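Spelled out, the chains give:
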Amino acid sequence: ERIMRDMHDGVGGHLVSALAMAECKPLKIGKFKDMLGSALMDLRLMIDSLDQTEGDLVPVLGTLRARLQPVLEESGIAVHWQVDDIPAIADLGPGRVLQIMRILQEAITNVLKHSAAQTLTVTTGKTDKAVFIEIRDDGIGIPESQSNGHGLRNMHYRATHAGVGLQIQDAEPGTRVRITVPLTVIYPQ
């Protein structure tokens, strides 16, 4: 059921948009290629989320790095990975992994599209009760016009349904996105 929903909402939506673009005259090859690339990336994220992580987010971050770092570097953004071992998380199944990956993907996509950043840093850490993943850039921050966008709302929605905390803040310069994953899961009622 989850896979069907993700296929419909993610890959399916990208492919419907690509089909609509293909029917337009003249065909804008660059945008068409980007749409197909987004569909492929979404499919890869879904497949990656099915891997058995046994509660360990570090391999998940490694997979995300392999997928997104080349795109970031091609765009001229230097990437710094400060990912240390973090404790395993109870009940970190494929559904939660996919939601966390999608939040991280959206954060990184926002850096690519909106930030004019030169550097992106990914950091992990832990407290007594949680682990965190932080994405920080040195760009222009979140413009007022973007602060209520669909992407940010979707990130908060995904965080709520995955039982994780999400903070999106100005980092002066840039933006900081922090996902906090409790070591003991508390799902919303």
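All of these numbers come straight from a predicted model, not from anything done at the bench.

Colleague: I'd like a description of the confidence of the model for the protein, backed by residues and values.
Modeller: Overall, the prediction assigns the protein a mean pLDDT of 82, with 83% of residues at 70 or greater. Ranking the elements of the protein by mean pLDDT puts helix α1 (residues 2-22) last with 68 and strand β5 (residues 175-182) first with 96.

Colleague: Go over the nonpolar core with me, naming the residues and quoting the values.
Modeller: If you look at the biggest cluster of nonpolar residues, it comprises 38 residues, and the most contacted ones within it are L57, I100 and L120. Among the elements of the structure, α2 (29-49), α3 (57-74), β1 (78-82), α4 (94-115), β2 (119-126), β3 (130-137), α5 (150-162) and β5 are those that each provide at least two residues to this core. Considering every element that reaches this core, the biggest residue donor is α4, with 9 residues.

Colleague: Tell me what's going on with the sheet that holds strand β4 (residues 165-170), and back it up with residues and numbers.
Modeller: Pairing within the open sheet is mixed, and its 5 strands lie in the order β1-β2-β3-β5-β4. Unpaired on one side and paired on the other, β1 and β4 mark the two borders of the sheet. The mean angle between the axes of side-by-side strands here comes to 10 degrees, regardless of whether they run parallel or antiparallel. Relative to β5, β4 is paired through 6 bridges, and the arrangement is antiparallel. Counted as the bridge partner of L166 is I179 from β5.

Calculation rules
- All residue numbers here refer to positions counted from 1 along the written sequence of the relevant chain.
- With pLDDT at 70 or above as the cut-off, local features in this predicted model cover only qualifying residues; side-chain atom pairs require 80 or more to be listed or tallied, and sums for whole chains, interfaces and linings still use all residues.
- To get the side-chain values, all heavy atoms of the structure are used, and hydrogens and water are removed first.
- Every residue carries a pLDDT, the predictor's confidence in it, which falls somewhere between 0 and 100.
- By definition, any uninterrupted DSSP run of H or I lasting at least four residues is a helix, any uninterrupted run of E lasting at least two residues is a strand, and each is numbered from the N terminus.
- Note on terminology: a nonpolar core comprises buried Ala, Val, Leu, Ile, Met, Phe, Trp, Tyr and Cys residues joined through side-chain atoms within 4.5 Å.
- Categorising residues by exposure relies on relative accessible area from a 1.4 Å probe, with only protein chains included: less than 20% of the type maximum marks a residue as buried, more than 50% marks it as exposed, and the intermediate range marks it as partly exposed.
- Should DSSP find at least two bridges between two strands, the strands are taken to pair.
- Orientation is described by axes fitted as lines to C-alpha atoms, over the contacting stretch for helices, and by angles from 0 to 180 degrees between their N-to-C directions.

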